[in-house]
Amino acid sequence: MQDLDKIFEGLSKSAFRRKFHLQGKDLVYLQTKGLPTVIAHARDFIAKRLAPAVIENDGKQTPFRGHPVFVAQHATACCCRGCLEKWHKIPKGRALTSDQEAYIIKVLERWLQNEMEMDS
């Protein structure tokens, strides 16, 4: 797994990744439900949409909005197995380990926490 500070430094240099921020309903949802609930949803999304070794619609499985976790996934390059491989060095073609899933959750949680702090 990659060092989170280095990952976030790299993400901050990407014009595409940098444009993602929580707004509107997604921000309200995070504020209303709270970070622990949203992270519980993230665990479920990761287990179902990223963890399998083969994903039928890889590269298209994560919507761009509709839940704060979806926005966070795109902002942190945790949206598909291709981005996970490129940015986080987590290889495609193998099911994610529990350590890899936990790492992804840490990445998402850090980004969501930063978004909450920017809003306050």
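Heads up: the structure comes first, above all this text.
Treat the numbers as computed from the prediction; the structure is a model and nothing was measured.

J.: Describe in detail the environment of Glu-109, supporting the description with residues and values.
T.: Tracing the sequence through the fold places Glu-109 in helix H7 (residues 98-119). A relative accessible area of 33% means that Glu-109 is categorised as partly exposed. Discounting chain neighbours no more than four positions away, the residues touching Glu-109 are Leu-35 and Ile-39.

J.: Tell me about the packing of helix H3 (residues 24-33) against helix H4 (residues 35-49), and name the residues and values.
T.: Relative orientation of the contacting elements H3 and H4 amounts to 115 degrees, with a least axis distance of 6 Å. Classified by the angle between their axes, H3 and H4 sit roughly perpendicular to one another. Contacts between H3 and H4 involve Tyr-29, Leu-30 and Lys-33 from the former and Leu-35, Thr-37, Val-38 and His-41 from the latter. Across the contact of H3 with H4, the residue classes tally to four nonpolar, two polar and one charged.

J.: Describe the pattern of salt bridges, with residues and values.
T.: What the rule picks out here adds up to three salt bridges. A salt bridge links Arg-110 to Asp-5; the shortest N-O distance between them is 2.9 Å. Remark: Asp-5 occurs in helix H1 (residues 4-12) and Arg-110 occurs in helix H7; sequence separation between them is 105 residues. For Arg-110, a relative accessible area of 28% corresponds to the partly exposed category.

Cut-off values and rules
Residues numbered from 1 in each chain as written. Predicted model: local features only at pLDDT ≥ 70, side-chain atom pairs only at ≥ 80, totals over all residues. Heavy atoms only, no water. Helix = DSSP H or I, 4+ residues; strand = E, 2+ residues; numbered from the N terminus. Buried < 20%, exposed > 50% of the residue type's maximum accessible area, 1.4 Å probe, protein only. Contact = heavy atoms within 4.5 Å. Axes fitted to C-alpha atoms, helices over the stretch in contact; angles between N-to-C directions. Parallel < 35°, antiparallel > 145°, perpendicular 65-115°, else oblique. Nonpolar A, V, L, I, M, F, W, Y, C, P; charged D, E, K, R; others polar. Salt bridge = Lys/Arg side-chain N within 4 Å of Asp/Glu carboxyl O.

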